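# Structural overview
If you want the building blocks of each chain, they are given just below.
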Amino acid sequence: MKEVLVNQWIDVHAHFYPPETEEEIHARWEAMKKGCWTSPAAPRWSPESTLAYMDSAGIAMQMLSNIPKMRDKLRVSNDYAAALVEKYPNRFGFLAAIPTDDPSSAIDEIRRASDDLRADGFAMTFRYNDVYLSDERLEPVWEELDRRHAVVFGHPDAYAGGVMGRPCALMEVAFETARTVTDMIYAGTFRKYPNVTMILAHCGGALPALSGRLLLLGNEDWIPNPHQVTTDEMRKYLQRFFLDTAGVCPTGLAPALTMTTPDRLVYGSDCGVPCSTDRTMNANLKALLEYPGLTREQVQQIGRRALDLFPAAAKRLQQSR
């Protein structure tokens, strides 16, 4: 019998696909191949296989997210995730996808997901149909999220076109995260909406490694800075993000812990998508457990910290015991 790696951890970075026809699965696979993916078969998802992996690794709950690029499919996806939480209330949480290419639709879905579907939080793509989260047209969306003291999981577009003959999910996602979050800092997003809690996927991508350069050069007179964001503000925002550990251990931890502190790290696996397998997720988890720059207590806190961010999910988990 294989050893369970951890005990009752919470995974903030887990994906899913709603039920699809064989035609839809094949179409998605063909689109992936155009993006330089060489997967041997079309990726599929089921709650049963995911729960089996969670049990084998020692994961108590996953916060599910999926962000389709078509609005009708996004709503269907959110509905399906809400139904999964209703069926498995102590195993799954739900981060509602928001269509951030249209502010009115985005606000409608925030309200629907919160009030009708009881979402635990929200999932937003840094670039959704070519609209970045720093776009000034999204100010009303951030106002609504700020009013609700929302927790937002920010994720890059892993299904964009390939770069240099490789899927963008390999490396380009890290730079999209860094570019977009930096632009949000310059746009004053985090100054104006301090009640939004942001979790950045993949340990912030390339942002931690580049954060020193941003703090060193970001306020020089050759850098456009229309909102006059100071270096101290930049440092404060960089330290305030939560960073998940998906797909970056161990080398991604050192820059993250230089930019911020251990109490801003949360466990993430990137489960449920074709760039992750049981082998890679377990290797990433073991590297986190063995990382010499963190104490054993700090690592265990990383695995449970999401309970503080998602109180409704924590309550469901507690009620099941």
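Residues numbered from 1 in each chain as written. Predicted model: local features only at pLDDT ≥ 70, side-chain atom pairs only at ≥ 80, totals over all residues. Heavy atoms only, no water.

## Looking at the packing of helix H4 (residues 103–115) against helix H5 (residues 139–147)
Remark: H4 packs on H5, axes separated minimally by 8 Å, with the N-to-C direction vectors making an angle of 15°. With respect to each other, H4 and H5 are oriented roughly parallel. In the crossing of H4 with H5, the sense of the turn from one axis to the other is right-handed. Where H4 abuts H5, its residues Pro-103, Ala-106, Ile-107, Ile-110 and Arg-111 lie against Pro-140, Val-141, Glu-144 and Leu-145. (Axes fitted to C-alpha atoms, helices over the stretch in contact; angles between N-to-C directions. Helix = DSSP H or I, 4+ residues; strand = E, 2+ residues; numbered from the N terminus. Parallel < 35°, antiparallel > 145°, perpendicular 65-115°, else oblique. Left-handed = near helix turned anticlockwise from the far one by under 90°. Contact = heavy atoms within 4.5 Å.)

## Digging into the nonpolar core
With 75 residues, the main nonpolar core has Phe-122, Trp-142, Leu-145, Met-198, Phe-241 and Leu-288 as its most contacted residues. Sort the elements by how many residues they give to this core and helix H6 (residues 172–186) lands first, with five residues. Sequence-distant contacts of Met-198, defined by excluding residues within four places in its chain, comprise Phe-126, Trp-142, Val-152, Gly-154, Phe-190, Phe-241 and Phe-242. (Core = buried A, V, L, I, M, F, W, Y, C linked by side-chain atoms within 4.5 Å. Buried < 20%, exposed > 50% of the residue type's maximum accessible area, 1.4 Å probe, protein only.)

## Some details on the sheet that holds strand E8 (residues 197–200)
Spatially, E1-E2-E3-E4-E7-E8-E9-E10 is the arrangement adopted by the eight strands of the open sheet, whose pairing is parallel. Each edge of the sheet is formed by a strand with only one pairing partner; in this case those strands are strand E1 (9–15) and strand E10 (265–266). Here E8 pairs with strand E9 (residues 242–244) via two bridges, running parallel. Bridge assignment links Leu-200 to a residue of E9, and that residue is Leu-243. Against the sheet, helix H3 (residues 71–87) makes contact with strand E2 (59–65) and strand E3 (92–97), and its axis sits at roughly 165° relative to E3, the strand it touches most. (Pairing = 2+ DSSP bridges.)

## Quick notes on the environment of Ala-209
When you line up the elements, Ala-209 lands in helix H8 (residues 207–217). Exposure remark for Ala-209: the relative accessible area of 61% places this residue in the exposed category. For the pair formed by Ala-209 and Leu-253, sequence separation is 44 residues and the distance between their alpha carbons is 10.0 Å.

## Here we look at the packing of H3 against H4
The interhelical angle for the contact between H3 and H4, taken along N-to-C directions, is 10°, at an axis separation of 12 Å. Judged on the interaxial angle alone, H4 and H3 are roughly parallel. In this structure, H3 contributes Arg-71, Leu-74, Arg-75, Asn-78 and Asp-79 to the contact, and H4 contributes Ser-105, Glu-109 and Arg-112. When the residues that make up the contact of H3 with H4 are grouped by side-chain class, the tally is one nonpolar, two polar and five charged. (Nonpolar A, V, L, I, M, F, W, Y, C, P; charged D, E, K, R; others polar.)

## Things to note about the side chain of Asp-244
Mapped onto the elements of the fold, Asp-244 is located in strand E9. Despite being buried, Asp-244 has no salt bridge partner; Arg-305 is the closest side chain of opposite charge, sitting 12 Å away. Of note is the side chain of Asp-244, whose polar atom sits 3.1 Å from the backbone nitrogen of His-202. Once you skip the residues sitting within four places of it in the chain, Asp-244 turns out to touch Val-12, His-13, Phe-153, Ile-199, Leu-200, Ala-201, His-202, Cys-203, Val-266 and Gly-268. (Lys, Arg positive; Asp, Glu negative; His and termini not counted. Salt bridge = Lys/Arg side-chain N within 4 Å of Asp/Glu carboxyl O. Polar contact = N/O pair within 3.5 Å; in protein donor to acceptor, adjacent residues only side chain to side chain.)

## Side note on a nonpolar patch on the surface
Taken together, the side chains of Leu-170, Met-171 and Phe-175 present a nonpolar region at the surface, about 320 Å² in accessible area. Tracing the backbone through its elements, the reader meets Phe-175 in helix H6. For Phe-175, a relative accessible area of 36% puts it in the partly exposed group. (Patch = residues over 30% accessible without salt bridge, like charges linked within 9 Å, V, L, I, M, F, W, Y side chains within 5 Å. Areas by Shrake-Rupley, 256 points an atom, 1.4 Å probe, with all protein chains shown as cover.)

## Points about the UniProt feature "domain: Amidohydrolase-related" (unreviewed entry) in the chain
UniProt marks residues 10–304 with the feature "domain: Amidohydrolase-related" (unreviewed entry), using the numbering shown here. With 44% helix and 14% strand, residues 10–304 has end C-alpha atoms that lie 6 Å from one another. (UniProt positions renumbered as here; feature names shortened; annotations may be inferred.)

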